[in-house]
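If you want the building blocks of each chain, they are given just below.
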Amino acid sequence: MASAVSKRFTAFLENITLTPKQLASGKDSRERVVRVLNGRYWESQSKTQHSKFIGSWGKYTRVRPPRDVDVLFKLPHSVYHRFERRTGNRQSQLLQEVKRVLAATFTTTSIKGDGPVVNVPFTSYNVELIPVFSLSSGQYWICMTDRGGYYKSADYDAESKLVQASNDDTKNNTRQLIRMIKRWQAYCSVPIKSFWIELVAIDFLNGWAHSDKSSVYYDWMVRDFLKHLEGKADSTVYAPGTYEAMDLGDAWLSKARMARRRAEKACDNEAKYPIAAGEEWQKIFGTDIPKSV
């Protein structure tokens with residue numbers, strides 16, 4: 001049974017890993033956008049300077065099929081001061097300027113600007129660009145366009161470090177669990193944010209007895225995580241670094257409960273009825289996880 005579980009989940013994780021071509025395409029999409037912005041704001045032709053991957057690309061929790069590529073781009077402080085001299089919703093105006101700069105080059109794309117993101121669609125990926133101003137604390141100001149416009153602090157480095165520290169402690173199980181649960185999120189259309197999944201996964205593994213065990217335990221890991229997630233309905237999680245409180249709500253609860261019940265059935269069947277177990281896993285994750293091994 002043990003080796004069958006390991007084979008099943010190893011194959012699953014391979015199936016949701018981006019291909020070399022997909023990785024190269026995501027890198028190229030970032031570089032095309034960043035080069036344009038560096039030319040406009042920094043008088044530079046660099047494809048990467050003043051930018052970095054954030055979100056799943058920055059935390060190495062990306063999954064296949066490909067999602068958006070999240071890219072942070074640091075604007076000069078002179079841009080902040082220039083917009084501070086304006087009236088009205090300065091943050092919206094700033095995003096619209098960035099949008100126009102990109103639209104002048106990517107004329108065949110439909111670029112949208114909606115705080116704090118400027119969305120640049122490409123054939124393979126959408127680049128979710130977040131223009132920021134760096135702060136002396138190591139955090140960033142991002143543009144929020146609601147309530148008349150304001151700047152909100154974000155700490156992308158703290159987010160990445162939290163995932164990395166947990167992943168080191170669990171021998172890579174943190175990232176693997178996040179990636180698997182994100183596949184459930186997509187396959188079952190679960191209305192829960194990926195950022196929340198990351199924070200709840202780290203919280204779960206921090207107290208799970210088998211957190212540093214091998215893939216032999218991945219069936220239990222998924223089952224026990226889903227049970228842990230159920231208990232988080234209507235609770236609060238906090239963003240690393242800024243400690244912004246985020247209410248998890250319960251819109252996702254019924255789907256988490258259903259997935260947990262299916263995971264329990266799958267775990268019970270793994271020993272004697274592995275195909276029946278595979279059928280239950282596929283109800284959670286789709287055909288990326290094999291029915292038989």
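Residues numbered from 1 in each chain as written. Predicted model: local features only at pLDDT ≥ 70, side-chain atom pairs only at ≥ 80, totals over all residues. Heavy atoms only, no water.

Asker: An account of unusual backbone geometry is requested, with residue identities and associated values reported.
Answerer: Of note, the bond from Arg-64 into Pro-65 is cis; its omega dihedral lies within 30 degrees of zero at 5°. Phi at Asp-234 is positive, roughly 60°, even though this residue is not glycine. Mapped onto the elements of the fold, Asp-234 is located in the loop between helix H9 (218-230) and strand E8 (236-238). The phi torsion at Tyr-243 lies on the positive side, around 60°, for a residue other than glycine. Judged by its relative accessible area of 62%, Tyr-243 falls in the exposed class. (Helix = DSSP H or I, 4+ residues; strand = E, 2+ residues; numbered from the N terminus. Buried < 20%, exposed > 50% of the residue type's maximum accessible area, 1.4 Å probe, protein only.)

Asker: So what about the packing of helix H7 (residues 173-187) against H9? Which residues, and what values?
Answerer: Contact pair H7 / H9: the axes reach a minimum separation of 11 Å and the direction vectors enclose 65°. One finds that H7 runs roughly perpendicular with respect to H9. As H7 runs across H9, the sense of the crossing is right-handed. Listed contacts from H9 to Asn-173, Gln-176, Leu-177, Met-180, Ile-181 and Trp-184 of H7 are Tyr-218, Met-221, Val-222, Phe-225, Leu-226 and Leu-229. Along the lines of polarity and charge, the residues of the contact of H7 with H9 split into 10 nonpolar, 2 polar and no charged. (Axes fitted to C-alpha atoms, helices over the stretch in contact; angles between N-to-C directions. Parallel < 35°, antiparallel > 145°, perpendicular 65-115°, else oblique. Left-handed = near helix turned anticlockwise from the far one by under 90°. Contact = heavy atoms within 4.5 Å. Nonpolar A, V, L, I, M, F, W, Y, C, P; charged D, E, K, R; others polar.)

Asker: Which residues make up helix H8 (residues 194-207), and what are the values?
Answerer: Between its first and last C-alpha, H8 extends 21 Å over 14 residues, near the 20 Å set by a 1.5 Å rise per residue. Every buried residue belonging to H8 is among Trp-196, Ile-197, Glu-198, Leu-199, Val-200, Ala-201, Ile-202, Phe-204 and Leu-205, and all of these are buried. (Expected span 1.5 Å × (residues − 1).)

Asker: I'd like a rundown of the packing of aromatic side chains, residues and numbers included.
Answerer: What the rule picks out here adds up to 17 aromatic pairs. When the ring of Tyr-80 is compared with that of Phe-133, the centres are 5.6 Å apart and the planes differ by 75°; the resulting orientation is edge-to-face. With Tyr-80 in helix H4 (residues 77-84) and Phe-133 in strand E5 (residues 126-134), the pair connects residues that are 53 residues apart, well separated along the chain. Note on Phe-204 and Trp-208: the rings are 5.4 Å apart at their centroids and 35° apart in plane angle, and the pair reads as tilted. Taken together, the ring pairs connect Phe-9, Phe-12, Tyr-218, Trp-281 and Phe-285 into an aromatic cluster. The ring centre of Phe-53 lies 4.6 Å from the NZ or CZ of Arg-30, which sits over that ring. A cation over an aromatic ring shows up here: Arg-40 above the ring of Tyr-41, its NZ or CZ 4.8 Å from the ring centre. (Phe/Tyr/Trp six-rings, centres within 6.5 Å; stacked < 30°, edge-to-face > 60°. Lys NZ or Arg CZ within 6 Å of the ring centre and 35° of its normal.)

Asker: Give a description of the pattern of salt bridges that names residues and reports values.
Answerer: One pass over the full model with this rule turns up 16 salt bridges. Here Arg-260 ties to Glu-230 by a salt bridge, and the two come within 2.5 Å at their closest N and O atoms. Of the two residues, Arg-260 sits in helix H10 (residues 253-269) while Glu-230 sits in helix H9, which places them 30 residues apart along the sequence. As far as the burial class goes, Arg-260 and Glu-230 line up, both buried. Here the residues in one salt-bridge network are Glu-230, Arg-257, Arg-260 and Glu-264, joined through shared partners. (Salt bridge = Lys/Arg side-chain N within 4 Å of Asp/Glu carboxyl O.)

Asker: Please give an account of helix H2 (residues 20-41) that cites residues and values.
Answerer: Given a rise of 1.5 Å per residue, 22 residues ought to cover 32 Å, and the 31 Å separating the end C-alpha atoms of H2 matches this to within 8%. Residues of H2 that are buried include every one of Gln-22, Ser-25, Gly-26, Ser-29, Arg-30, Glu-31, Val-33, Val-34, Val-36, Leu-37, Asn-38 and Tyr-41, and no others. Count one or two residues on from H2 and you reach Glu-43, which has phi positive near 50°.

Asker: Describe the packing of H7 against helix H11 (residues 274-285), with residues and values.
Answerer: The relative placement of two packed helices is expressed as an angle between their axes plus a distance between the axes. Contact geometry of H7 with H11 gives a least axis separation of 7 Å together with a crossing angle of 70°. Taken together, H7 and H11 sit at an angle that is classed as roughly perpendicular. Every residue of H11 that contacts H7 at Met-180, Arg-183, Trp-184 and Tyr-187 is listed here: Gln-282, Lys-283, Ile-284 and Phe-285. For the contact of H7 with H11, the residue count by class is 5 nonpolar, 1 polar and 2 charged.

Asker: I'd love a proper account of the environment of Ser-160, names of residues and values included.
Answerer: Relative to the helices and strands, Ser-160 is located in helix H6 (residues 156-169). When the C-alpha atoms of Ser-160 and Leu-253 are compared, they prove to be 27 Å apart, with 93 residues separating the residues in sequence. Setting aside chain neighbours within four positions, we find Ser-160 in contact with Gly-58 and Lys-59.

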